Amino acid sequence: MKFYNTLSRKIEEFVPLNPPNVSFYACGPTVYDFTHIGHMRTYTNNDVLKRALTYLGYKVNQVMNVTDVGHLSGDDDSGEDKMEKGAKKYGKTVWDVAKFYTDFFFKTTDALNIFRPDITCKATDHIEEMIQLINRLIQNGFAYETKEALYFDVIKFKNYGKLSGQKLEEKIQAVRKEVIVDFQKKHPADFALWFKTVGRFVDHTMHWTSPWGEGFPGWHIECSAMSMKYLGETIDIHSGGIDHVPVHHENEIAQSEAATNKQFVKYWFHNNFLTVDGQKMSKSSGNFYTIEDIEKNKIDPISLRLLFLQAHYRQPLNFTWQSARASQEAFNRLKEISLGLKGSSSLTRKPVNFSTKAISFQQQFKTALENDLQTPMAVAVMWDVIKSDIANDEKYYLLSDFDRVFGLNLSNITKEKIDANIIILAERRLEARKKRDFDASDRLRIKIEKAGFKVEDKGDSYTIKKS
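What comes next concerns the included structure. Just so it is clear, the structure is predicted and the values come from calculations on it, not from any experiment.

### Some points on the overall build of the protein
Turning to step 1, where the next piece is worked out: The number of helices and strands found in the protein is 15 helices and 15 strands.
Turning to step 2, where the next piece is worked out: Taken over the C-alpha atoms alone, the protein extends approximately 85 × 45 × 35 Å along its principal axes.
Turning to step 3, where the next piece is worked out: Sorting the 467 residues of the protein into buried and exposed places 57% on the buried side.
Turning to step 4, where the next piece is worked out: The contacts in the protein between residues at least 6 apart in sequence include a share of 77% that link residues at least 24 apart.
Turning to step 5, where the next piece is worked out: Taken as a whole, the protein presents about 20,600 Å² of accessible surface, with 48% of it coming from carbon and sulfur.
Turning to step 6, where the next piece is worked out: The average position of the 65 basic charges and that of the 61 acidic charges among the side chains of the protein differ by 5 Å.

Okay, structure coming up:
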């Protein structure tokens, strides 16, 4: 398999450290507010990558963190702790906020049929591991202490900026000096490893005893400490949104490699943004949508997953309600087709006499996955299978096989079964309508009606009902 590695800025052959085993760390949510559909594009693509690797024969061990302390607003350690901000906003304790939004996050991922990680680890459960890692950085000469915090000294890490390609001089110039709170910081780009409960954080609710006094960890140290605990000092894949590249993931590399003197991550997998109606999603713009908004608009969350699959993970994707409804119609068609094929098939495994054409479809699907996870191509192969003249047994097997990666949960769909031959006629009629061959369309409609069914057209889609 090949996919784009942000570190090398090119598509690379994937060679895990210990094949067929794959260590995979995914940056998880900061649980201070509602998870939105932009987040879900990232976690869906993480899920598809894991499923694709499994489909191709790898054994994936995925770890994901839940950040429930230490994530400050802003990238320069100048902002408010997001957990405390959420607690004030909703009038709850930070612990209640963390539990509520963690539950909401998993409710959302479950609705999109995203596999839960093999290990989910909360930051607040791993304070000791973070303290140990900070001590290693102190011993190796990469950390220093001020009255307010402990910081990582980026000047001492020679390769700082290798992930983003941004030079340290540019990064320092880009930081607004007037927002720096701790004036004992050596350089604006230095980042906090541990905050002390003094000054602006004197009343911080979440704090622990450390060799440097009461305090709490910085955001970046959390991921390094937890990934090392569960996956080792060097891991195969680390994923996240592209917004994490210049700061969070850059800082993870610096502190991890400064502590171990080993490469932290072999392959960095980053997902591009989801916009809404061409704009960044925000509550102030009125375009901030959660899974509950999707369901209120009578959109099946799985159809949102199908929408995500139709764009490559490295390309921006624009969400509109029109595109969501189109994806819902496509998913409805797919469900009807799958049910019809299931009703006409007695197979639970690969057909004995698998045709050359069916083998070709399966190879095309595999090639799409292996070529930088080209899900739009893989989805196109699925529709080609449906429109083809291969046997229904083969079609159902291939749809079920592909769904191991797509995660559309087709095998668990239940509804009134419609004979597969009727669905095939309806698909051919749809193609005729698209070509404006109305004579053929009418002939196919008559055949369907004689079989006891009727087709209701809905734009570029249709539904089938018994007469």
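Structure shown, so let's carry the discussion forward.
### Remarks on the nonpolar core
Turning to step 1, where the next piece is worked out: Membership of the largest hydrophobic core comes to 148 residues, with the highest contact counts inside it found for Phe152, Ile237 and Phe319.
Turning to step 2, where the next piece is worked out: Beyond its immediate chain neighbours, meaning those up to four positions away, Ile237 contacts Phe3, Phe14, Val22, Ser23, Phe24, Tyr25, Leu49, Leu53, Val265, Tyr267 and Phe269.

### Remarks on the packing of helix H11 (residues 356-370) against helix H13 (residues 392-406)
Turning to step 1, where the next piece is worked out: Across the interface, H11 lies against H13 with an axial gap of 10 Å and an inter-helix angle of 10 degrees. When the axis of H11 is compared with that of H13, the two are roughly parallel. Two secondary-structure elements touch here, H11 through Ala358, Phe361, Gln362, Phe365 and Leu369 and H13 through Glu394, Tyr397, Leu398, Asp401, Phe402, Val405 and Phe406.
Turning to step 2, where the next piece is worked out: Residue composition of the contact of H11 with H13, by class: 9 nonpolar, 1 polar and 2 charged.

### Regarding helix H7 (residues 245-260)
Turning to step 1, where the next piece is worked out: Under the 1.5 Å per step criterion, the end-to-end length of H7 is 21 Å for 16 residues, consistent within 8% with the ideal 22 Å.
Turning to step 2, where the next piece is worked out: Most of H7 sits out of view: 15 of its 16 residues are buried.

### Points about the environment of Phe406
Turning to step 1, where the next piece is worked out: When you line up the elements, Phe406 lands in helix H13.
Turning to step 2, where the next piece is worked out: As a C-alpha pair, Phe406 and Thr356 span 50 residues in sequence and 23 Å in three-dimensional space.
Turning to step 3, where the next piece is worked out: Filtering out sequence-adjacent residues up to four positions away, Phe406 remains in contact with Arg305, Leu309, Phe365, Ala378, Val379 and Met382.

### Looking at the packing of aromatic side chains
Turning to step 1, where the next piece is worked out: Applying the stated criterion across every chain yields a total of 30 aromatic pairs.
Turning to step 2, where the next piece is worked out: Pairing Phe3 with Phe14 gives two aromatic rings, centres 5.5 Å apart and planes at 35 degrees, and the pair type is tilted. Separated by 11 residues along the polypeptide, Phe3 in strand S1 (residues 2-5) and Phe14 in the loop between strand S2 (10-13) and strand S3 (21-26) bring together distant segments of the chain. Comparing Phe3 with Phe14, the two get one shared label, buried.

### Observations regarding the pattern of salt bridges
If the charged atoms of two oppositely charged side chains come close together, the side chains can form a pair.
Turning to step 1, where the next piece is worked out: On inspection of all chains with the given rule, the structure shows 22 salt bridges.
Turning to step 2, where the next piece is worked out: Across the salt bridge formed by Lys162 and Glu257, the nearest N and O atoms sit 2.8 Å from each other. Pair noted here: Lys162 is in the loop between strand S7 (149-152) and helix H5 (168-174) and Glu257 is in helix H7, with a separation of 95 residues, a long-range link.
Turning to step 3, where the next piece is worked out: Take Lys162: its relative accessible area is 29%, and that puts it in the partly exposed class.
Turning to step 4, where the next piece is worked out: By sharing partners, the salt bridges in this structure join Asp47, Arg51 and Arg305 into a single network.

Calculation criteria
Residues numbered from 1 in each chain as written. Predicted model: local features only at pLDDT ≥ 70, side-chain atom pairs only at ≥ 80, totals over all residues. Heavy atoms only, no water. Helix = DSSP H or I, 4+ residues; strand = E, 2+ residues; numbered from the N terminus. Buried < 20%, exposed > 50% of the residue type's maximum accessible area, 1.4 Å probe, protein only. Contact = heavy atoms within 4.5 Å. Areas by Shrake-Rupley, 256 points an atom, 1.4 Å probe, with all protein chains shown as cover. Lys, Arg positive; Asp, Glu negative; His and termini not counted. Charge placed at Lys NZ, Arg CZ, Asp CG, Glu CD. Core = buried A, V, L, I, M, F, W, Y, C linked by side-chain atoms within 4.5 Å. Axes fitted to C-alpha atoms, helices over the stretch in contact; angles between N-to-C directions. Parallel < 35°, antiparallel > 145°, perpendicular 65-115°, else oblique. Nonpolar A, V, L, I, M, F, W, Y, C, P; charged D, E, K, R; others polar. Expected span 1.5 Å × (residues − 1). Phe/Tyr/Trp six-rings, centres within 6.5 Å; stacked < 30°, edge-to-face > 60°. Salt bridge = Lys/Arg side-chain N within 4 Å of Asp/Glu carboxyl O.

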